[in-house]
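Okay, here's what each chain looks like letter by letter:
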Amino acid sequence: MIARHDINFRNILKRANLCVPDGVGLLWAAKYQGTPLPERVTGSDGVPLIAARAAEKGWRLFLLGAAPGVAEKAADVLRARHPALQIVGVYSGSPAPEEEDAIVERINASGADILFVAYGAPEQDKWIARNTPRLRVKMAMGVGGAFDFIAGIIPRAPLWMQRLGLEWLFRLYLQPWRIRRMMRLPRFVIAVLLDNLFK
Ligand code: UDP
């Protein structure tokens, strides 16, 4: 919905090597348009899976973003799960352009292979797009609230709610201020219906 009026963000999504459907609305829209997708793929599920693989393969991780202390806590949780895991950097920082040079230097100096950026969409994606040319990591990925979940700051919805496609409702209950961004959802449904009507 942001990409509809933000051309920069739209181009970033188009140029990305991988865009994953992280919300139930996207699954519905894909099915409605006759191109169904098998399941949701969220940063919160993806980060622990990639970390497990990284521990096996020796890939080095850098965790950027979230509130101060949260990425450290998430790193501790992941290291406890995978003693061989190399987390070579953790930094909260902010997506403000003034901080970029110092953050890029820090990441490059760490020798990280994989960079997870938790600044929320679309800031995290714009941050990655702006800095990819000078970052020496092999992959960078926006992960939204993943560190908050891994650190246990915010609980995930119970599995039954996730399966029923109601994780958004659980998050709204925990973080009622998300109502403003969630108001995009009915507009998304209308946009998909209209798109299909005029195809
Ligand atoms: N965040 C941050 N700096 C900012 C804005 C956001 O570190 O200037 C972090 C915030 O603490 C949270 C994450 O970015 O950990 C965004 O989480 P959210 O749940 O909003 O992302 P979503 O998964 O919904 O895209």
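Scope of this entry: the structure provided in the associated data block. (Residues numbered from 1 in each chain as written. Predicted model: local features only at pLDDT ≥ 70, side-chain atom pairs only at ≥ 80, totals over all residues. Heavy atoms only, no water.)

### Concerning the overall build of the protein
When you go through the protein residue by residue, the secondary structure sums to 12 helices and 4 strands. Relative to its length of 199 residues, the protein is compact, with a C-alpha radius of gyration of 18 Å against a globular reference of 16 Å. The proportion of buried residues among the 199 residues of the protein is 41%. Considering only contacts in the protein between residues 6 or more positions apart, those separated by 24 or more positions represent 66%. Looking at the protein as shown, the accessible area adds up to about 11,800 Å², and 58% of this sits on carbon and sulfur atoms. (Helix = DSSP H or I, 4+ residues; strand = E, 2+ residues; numbered from the N terminus. Rg over C-alpha atoms; globule rule 2.2 N^0.38 Å. Buried < 20%, exposed > 50% of the residue type's maximum accessible area, 1.4 Å probe, protein only. Contact = heavy atoms within 4.5 Å. Areas by Shrake-Rupley, 256 points an atom, 1.4 Å probe, with all protein chains shown as cover.)

### Observations concerning the site of the ligand
The full set close to the ligand counts 14 residues, and Ala 66, Asp 148, Arg 171, Arg 178 and Arg 181 are the nearest of them. Ala 118 has a polar backbone atom sitting 2.9 Å from an oxygen atom of the ligand. Interatomic distance of 2.6 Å between a side-chain N/O atom of Arg 171 and an oxygen atom of the ligand. Isolated, the ligand exposes 550 Å² of accessible area, and the fraction of that covered by the protein chains is 69%. A breakdown of the residues in the shell around the ligand according to their chemical character gives 6 nonpolar, 4 polar and 4 charged. (Near = heavy atom within 4 Å. Polar contact = N/O pair within 3.5 Å; in protein donor to acceptor, adjacent residues only side chain to side chain. Nonpolar A, V, L, I, M, F, W, Y, C, P; charged D, E, K, R; others polar.)

### Some words on a nonpolar patch on the surface
Taken together, the side chains of Val 24, Trp 168, Leu 169 and Leu 185 present a nonpolar region at the surface, about 310 Å² in accessible area. Topologically, Val 24 is positioned in helix 3 (residues 24-32). (Patch = residues over 30% accessible without salt bridge, like charges linked within 9 Å, V, L, I, M, F, W, Y side chains within 5 Å. Salt bridge = Lys/Arg side-chain N within 4 Å of Asp/Glu carboxyl O.)

### Looking at the side chain of Lys 126
Here Lys 126 is to be found in helix 7 (residues 123-131). Relative accessible area serves as the criterion here: at 19%, Lys 126 is assigned to the buried category. Ignoring sequence-local partners within four residues, the contact set of Lys 126 consists of Asp 6, Asn 8, Phe 9 and Ile 12.

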